[in-house]
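Structural overview for review
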Amino acid sequence: MAKTKKRFVCTNCGGVSPRWQGQCGECSEWNTLIEDTPATVFSQKHDLSSGGRGIEFVPLNQPSELPVRKSTGLAEFDRALGGGIVPGSAVLMSGDPGIGKSTLLLQTAATIASGGNDVVYVSGEEAAGQVRLRAKRLGVAEAPIRLASDTSVRDILTTLAQGKPPALLVIDSIQTMHSDTIEGAPGTVSQVRGCALELIRYAKASGCALMLVGHVTKDGSIAGPRVLEHMVDVVMSFEGERSHQYRILRALKNRFGAVDEIGVFSMETGGLEEVANPSMLFLSGRDNPLAGSAVFPALEGTRPVLVEIQALIVKLQSGATPRRAVVGWDNGRLAMLLAVLESRCGLNFSSAEVYLNIAGGYRLSDPAADLAVAAALVSALADRPLPDKSVWFGEVSLAGEIRPVAHSDLRMRESAKLGFMRGYGPSDGKTGSSTLDYSAVNGLAKLVDRVIGNE
Ligand code: TYD
Ligand code: MG
């Protein structure tokens, strides 16, 4: 005899709770608990080794036809995807509202449709006329895309089931979709998950590639991408500052390729354009060296990108709590660096406001940025510019040591190529292949001496 019991599951961490509560007891996220189908507990005697259908095994080494990837027409997008779209796969395109997801997918859809493939674009956010206007603006109004403005997953799948499956199905966005088999308004966790599951099932069964748009908000409060990450094959994140021109497409998860590749685009009046050589993009005009500015040779996958880190330190007269504001880097990491600079190098930031900005709206995730950030901070505090045409890289430990980082040679070669003359980094950073004049920084205290001018 089966016993059933009601339970609630957290959509963020999977933690189980016997009753609903606003905050998950396991991961402390808010509003993530949803009612789960009652767990069925069978008695010990129940045996699963009979009564099922036989499944068919195929040898792993059996030669089979590999699906041919389809190019998106944008080399930068293909690159982030690991070489194009895989048929039957599900791609989630996540990003802040207004960043350009619809624009990117409409451009892609148009290219694939113009290549003689059947493409269906369903917008739940815009009327067909609005999408048409956008297509006109992008110069792809003539592409033979089948366009629909609808939000019912049942209607969409019923219609698609009547004909041959398309090569590409774009759903913009998953938060607007609605399934009548699930309770709740569109955008709730159960709706988003249920709709995505149905669409993904259709994609896998029919071999049509699926692209889902998913909005995220700054605090992650709208249900969406986080719950979907497990279900889709590829999670793409489209990033950038809306007020800046440049956008970065990053693969956060990819079952068919590497995750550390990026694609760089610039948002122009006629849509997104590829930036094939982005290493100079994020440097501001640098004629005179300024205090508080350091250049960091970041690495994105296999691709070096030079970015400028700007620090500003404002000494406070009153006893007010000083602010620390960061754009484009991790807040916690800045707090850690300030603590290391204070405790290992005797600097004092406690009565000063600290502002840190990564130029050009870039978001740094490379841990090798520590040394460049520290150099910018010390230079701002001392009000002395860093040596002209210098780049800085290395990870800083809590003891104030500079730890080695991956691919120092690649970082230095790219910096030399762009006209930089000096490199500062960990003690094993020097390699033979670059013309950069390299100096090892043996600890943060040495950096401070060097910048303040004692050495
Ligand atoms: P959109 O693709 O609608 O963003 P999302 O789908 O991620 O919400 O893009 C929105 C912004 O892009 C909009 O603010 C204007 C800008 N944009 C351009 O600068 N040029 C263009 O050709 C287009 C279509 C949009
Ligand atoms: Mg949109």
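It should be noted that the structure appears before, not after, this text.
We now turn to the structure provided with this report. (Residues numbered from 1 in each chain as written. Chains lettered and ligands numbered in written order. Predicted model: local features only at pLDDT ≥ 70, side-chain atom pairs only at ≥ 80, totals over all residues. Heavy atoms only, no water.)

Let's talk about the overall build of the chain
Of the regular secondary structure elements, the chain holds 10 helices and 21 strands. Each principal axis of the C-alpha distribution contributes one length, and for the chain these read about 80 × 55 × 50 Å. Total accessible area on the chain is roughly 22,600 Å²; 51% of this is exposed by carbon and sulfur atoms. (Helix = DSSP H or I, 4+ residues; strand = E, 2+ residues; numbered from the N terminus. Areas by Shrake-Rupley, 256 points an atom, 1.4 Å probe, with all protein chains shown as cover.)

As for unusual backbone geometry
Between Asp 172 and the following residue, Ser 173, the backbone shows a cis peptide bond with an omega angle of 0°. Although it is not a glycine, Lys 389 sits at a positive phi angle of roughly 50°. Counting through the fold element by element, Lys 389 comes out in the loop between α8 (370-382) and β17 (390-392). By relative accessible area, which is 37% here, Lys 389 ends up partly exposed. Even without being glycine, His 407 reaches a positive phi, approximately 55°. Position of His 407 relative to the elements: it lies in the loop between β19 (402-403) and α9 (408-417). (Buried < 20%, exposed > 50% of the residue type's maximum accessible area, 1.4 Å probe, protein only.)

Brief notes about empty space enclosed by the protein
In total, this model carries three cavities of 30 Å³ or more according to the counting rule given. If you trace the second largest cavity, you find it lined by Glu 239, Gly 240, Tyr 246, Arg 247, Ile 248, Arg 250, Phe 282, Gly 360, Gly 361, Tyr 362 and Arg 363. Among the elements that line the lining of the second largest cavity, the one with the most residues is strand β10 (residues 246-254), at four residues. Per-class residue counts for the lining of the second largest cavity are four nonpolar, three polar and four charged. (1 Å grid on protein atoms, 1.4 Å probe; cavity = no way out; pocket = protein on both sides within 12 Å on 5 of 7 lines; lining within 4 Å. Points joined across faces, edges and corners; volume = space filled by probe spheres on them. Nonpolar A, V, L, I, M, F, W, Y, C, P; charged D, E, K, R; others polar.)

A word on the site of ligand 1
The immediate surroundings of ligand 1 are formed by 16 residues, with Gly 98, Lys 101, Ser 102, Thr 103 and Glu 268 found nearest. A distance of 2.8 Å is found between an oxygen atom of ligand 1 and a backbone nitrogen or oxygen belonging to Gly 271. The protein chains hide 75% of the 560 Å² of surface that ligand 1 would expose on its own. Of all the secondary-structure elements, those providing two or more residues to the shell around ligand 1 are α2 (101-114), α3 (128-138) and β11 (262-268). Here the residues of the shell around ligand 1 are counted per class, giving four nonpolar, seven polar and five charged. (Near = heavy atom within 4 Å. Polar contact = N/O pair within 3.5 Å; in protein donor to acceptor, adjacent residues only side chain to side chain.)

What to know about the sheet that holds strand β7 (residues 168-172)
Strand order in the open sheet made by the nine strands is β6-β5-β7-β8-β4-β9-β10-β11-β12, with mixed pairing throughout. Each edge of the sheet is formed by a strand with only one pairing partner; in this case those strands are β6 (146-149) and β12 (271-274). For this sheet the average axis-to-axis angle between neighbouring strands, irrespective of direction, equals 25°. Two strands pair when backbone bridges link them, and β10 and β11 are joined in this way by five bridges, in the antiparallel orientation. Opposite Arg 247, over in β11, you have Phe 265 as the bridge partner. (Pairing = 2+ DSSP bridges. Axes fitted to C-alpha atoms, helices over the stretch in contact; angles between N-to-C directions.)

As for the pairing of β10
Alignment of strand β9 (residues 234-239) against β10, held across six bridges, turns out to be antiparallel. Residue pairing in the sheet places Val 234 in a bridge with Asn 254 of β10. Adjacent in sequence and paired antiparallel, β9 and β10 are bridged by six residues, among which Gly 240 carries a positive phi angle near 145°.

Side note on helix α4 (residues 153-161)
Of the positions making up α4, those classed as buried are Val 153, Ile 156, Leu 157 and Leu 160. Around the axis of α4, the buried residues are gathered within 90° of arc, so they sit on the same side. Contact partners of the buried residues in α4: β5 (119-123), β7 and α5 (189-206). (Arc of directions from axis to C-beta. Contact = heavy atoms within 4.5 Å.)

A closer look at the packing of α2 against α3
Remark: α2 packs on α3, axes separated minimally by 11 Å, with the N-to-C direction vectors making an angle of 70°. Here α2 lies roughly perpendicular to α3, going by the angle between them. Residues Ser 102, Thr 103, Leu 106 and Gln 107 of α2 form the contact with α3, whose own contacting residues are Val 131, Arg 134, Ala 135 and Leu 138. Residue classes in the contact of α2 with α3 are distributed as four nonpolar, three polar and one charged. (Parallel < 35°, antiparallel > 145°, perpendicular 65-115°, else oblique.)

Description of the nonpolar core
If you look at the biggest cluster of nonpolar residues, it comprises 60 residues, and the most contacted ones within it are Phe 296, Trp 329, Leu 364, Leu 377, Leu 444 and Leu 447. The element best represented in this core is α8, accounting for nine residues. (Core = buried A, V, L, I, M, F, W, Y, C linked by side-chain atoms within 4.5 Å.)

Topic: the packing of aromatic side chains
Inspection of every chain in the model, using the stated rule, returns three aromatic pairs. Seen from their ring centres, Phe 238 and Phe 265 are 6.0 Å apart, and the 80° between their planes marks the pair as edge-to-face. One end of the pair, Phe 238, is in strand β9; the other, Phe 265, is in strand β11, and 27 residues separate them in sequence. Classification of Phe 265 by relative accessible area gives buried; the value is 0%. Centre to centre, the rings of Trp 392 and Tyr 424 are 4.2 Å apart; their planes meet at 15°, and the pair counts as stacked. Of the two residues, Trp 392 is situated in strand β17 and Tyr 424 in strand β20 (residues 422-425); the sequence distance between them amounts to 32 residues. For the pair Trp 392 and Tyr 424, a shared accessibility class is recorded, and that class is buried. (Phe/Tyr/Trp six-rings, centres within 6.5 Å; stacked < 30°, edge-to-face > 60°.)

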